[in-house]
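Tertiary structure, described
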Amino acid sequence: MISAEEFQKEIDLIIANALREDIGDGDHSSLACIPESATGQAKLLVKDQGILAGVEFARQVFVAVDPDLELKVHLQDGSEVRHGDISFYVAGSSRSILKAERLVLNGMQRMSAVATKTNRYVRLLEGTQTKILDTRKTTPGIRALEKWAVRIGGGVNHRFALYDMIMLKDNHIDFAGGISTAIEKTKAYLERQQKDLKIIVEARNLEEVAEILNAGGVYRILLDNFSLEQTREAVQLIGNQCQSEASGGITDKTLRSYAECGVTYVSSGALTHSVSNMDLSLKAV
């Protein structure tokens, strides 16, 4: 994953671009009927249940819109919430609260949905050594928010993007001319570029697992669409030589079975690409 500083830059970009997209040359609805001097207060009302995420994001949005807005938080990120709970109150300029409202809700609703699903998967893995990983199957433009939400839900971030880790998948391997060739070319590239990036290689069968291990220098082997029996065999073959990751077609019904095979991680794109937003609203009080 990228550094905390780089991650924060991504969040700052998301906020700046989202406010530009939403406000344009002005919130004319508020400008038309609310005096500049008007002040008010609003509450973040939970109308659903699950894991709350995005409170810190909301704080950053309010600061970006108007540093004078005051936030009083009652429920923090990671809290289990149910219908009727109030996460926070925000007070200050009425126009500023309305400017920030939609971005705060859009971000928190999506992040809470991701955190809730992630936490459900984390609980299914309790008692095993396996951790749940996210993927790059995120919503374009808000990847940092969704990966942040995975962490809030108790999951682990995979690489952030194409630039912070090497991941040789089936197409890379086929285009390069095979596993061994792809790995050797990658090692040579990293040495030339003087880059210290971890290497993950996808295996499609047990023979490829053996070839990857023989090539050496790999941080993790991705077991793609392996059956449970194949996964158990692969884990035994890998031993302590590197990490293992199961992926492909794994659902909440089969997640624990794959974990019990002994893999280091199970990765799931569903954490970010198949969720329904949590119902939240910002209500004037």
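Presented here is an overview of the structure given in this document. (Residues numbered from 1 in each chain as written. Predicted model: local features only at pLDDT ≥ 70, side-chain atom pairs only at ≥ 80, totals over all residues. Heavy atoms only, no water.)

Regarding its fold elements, the chain presents 11 helices and 12 strands. Based on the C-alpha atoms only, the size of the chain along its principal axes is roughly 70 × 40 × 25 Å. Considering the chain as a whole, with its 285 residues, one finds that 49% of them fall into the buried category. Across the chain, the fraction of contacts at a sequence separation of at least 24, relative to all contacts at a separation of at least 6, is 71%. Carbon together with sulfur atoms contributes 47% to the accessible area of the chain, which is approximately 14,300 Å² in total. Charged side chains of the chain number 33 positive and 38 negative; the gap between the two group centres comes to 2 Å. (Helix = DSSP H or I, 4+ residues; strand = E, 2+ residues; numbered from the N terminus. Buried < 20%, exposed > 50% of the residue type's maximum accessible area, 1.4 Å probe, protein only. Contact = heavy atoms within 4.5 Å. Areas by Shrake-Rupley, 256 points an atom, 1.4 Å probe, with all protein chains shown as cover. Lys, Arg positive; Asp, Glu negative; His and termini not counted. Charge placed at Lys NZ, Arg CZ, Asp CG, Glu CD.)

It is worth spelling out helix α4 (residues 94–124) at this point. Relative to the 45 Å expected for 31 residues at 1.5 Å per residue, α4 spans 44 Å between its end C-alpha atoms, a close match to the ideal helical length. The principal kink in α4, of about 35°, is found at Glu101. (Expected span 1.5 Å × (residues − 1). Bend = angle between axes of the 7 residues up to and from the residue.)

Right, let's talk about the environment of Thr116 for a bit. Turning to its location among the elements, Thr116 is positioned in helix α4. Take Thr116: its relative accessible area is 25%, and that puts it in the partly exposed class. Each C-alpha atom of the pair Thr116 and Ala149 lies 8.7 Å from the other, and the pair is 33 residues apart in sequence. At 2.7 Å, the side chain of Thr116 forms a polar contact with the backbone oxygen of Ser112. (Polar contact = N/O pair within 3.5 Å; in protein donor to acceptor, adjacent residues only side chain to side chain.)

Right, let's get into the side chain of Ser96. Among the secondary structure elements, Ser96 is positioned in helix α4. Ignoring sequence-local partners within four residues, the contact set of Ser96 consists of Val65, Asp66 and Leu69.

Right, let's talk about the packing of helix α1 (residues 4–23) against helix α5 (residues 143–152) for a bit. Look at α1 against α5: their axes get within 9 Å of each other, and the N-to-C directions meet at 125°. When the axes of α1 and α5 are compared, the pair comes out oblique. Seen from α1, the contacting residues are Phe7, Glu10, Ile11 and Ile14; seen from α5, they are Ala144, Leu145, Trp148 and Arg151. Its residues assigned to classes, the contact of α1 with α5 shows six nonpolar, no polar and two charged. (Axes fitted to C-alpha atoms, helices over the stretch in contact; angles between N-to-C directions. Parallel < 35°, antiparallel > 145°, perpendicular 65-115°, else oblique. Nonpolar A, V, L, I, M, F, W, Y, C, P; charged D, E, K, R; others polar.)

What follows concerns the packing of aromatic side chains. Applying the stated criterion across every chain, the model contains three aromatic pairs. Taken together, a centroid distance of 6.4 Å and an interplanar angle of 85° make the contact between Phe7 and Trp148 edge-to-face. On the criterion of sequence distance, the pair formed by Phe7 in helix α1 and Trp148 in helix α5 is long-range, its members being 141 residues apart. The buried category is assigned to Trp148, whose relative accessible area is 13%. With centroids separated by 5.9 Å and ring planes inclined at 85°, the aromatic side chains of Phe62 and Phe88 adopt a geometry described as edge-to-face. A residue pair is termed long-range when its members are at least 10 positions apart, and Phe62 in helix α3 (residues 55–65) and Phe88 in strand β5 (residues 86–93) qualify at 26 residues. This pair shows no difference in class: Phe62 is buried, exactly as Phe88 is. Among the aromatic side chains, those forming a connected cluster through ring pairs are Phe7, Trp148 and Phe160. One Lys or Arg, Arg151, reaches over the ring of Phe7 and ends 4.6 Å from the middle of that ring. (Phe/Tyr/Trp six-rings, centres within 6.5 Å; stacked < 30°, edge-to-face > 60°. Lys NZ or Arg CZ within 6 Å of the ring centre and 35° of its normal.)

Shape is all these values report; function is a separate question.
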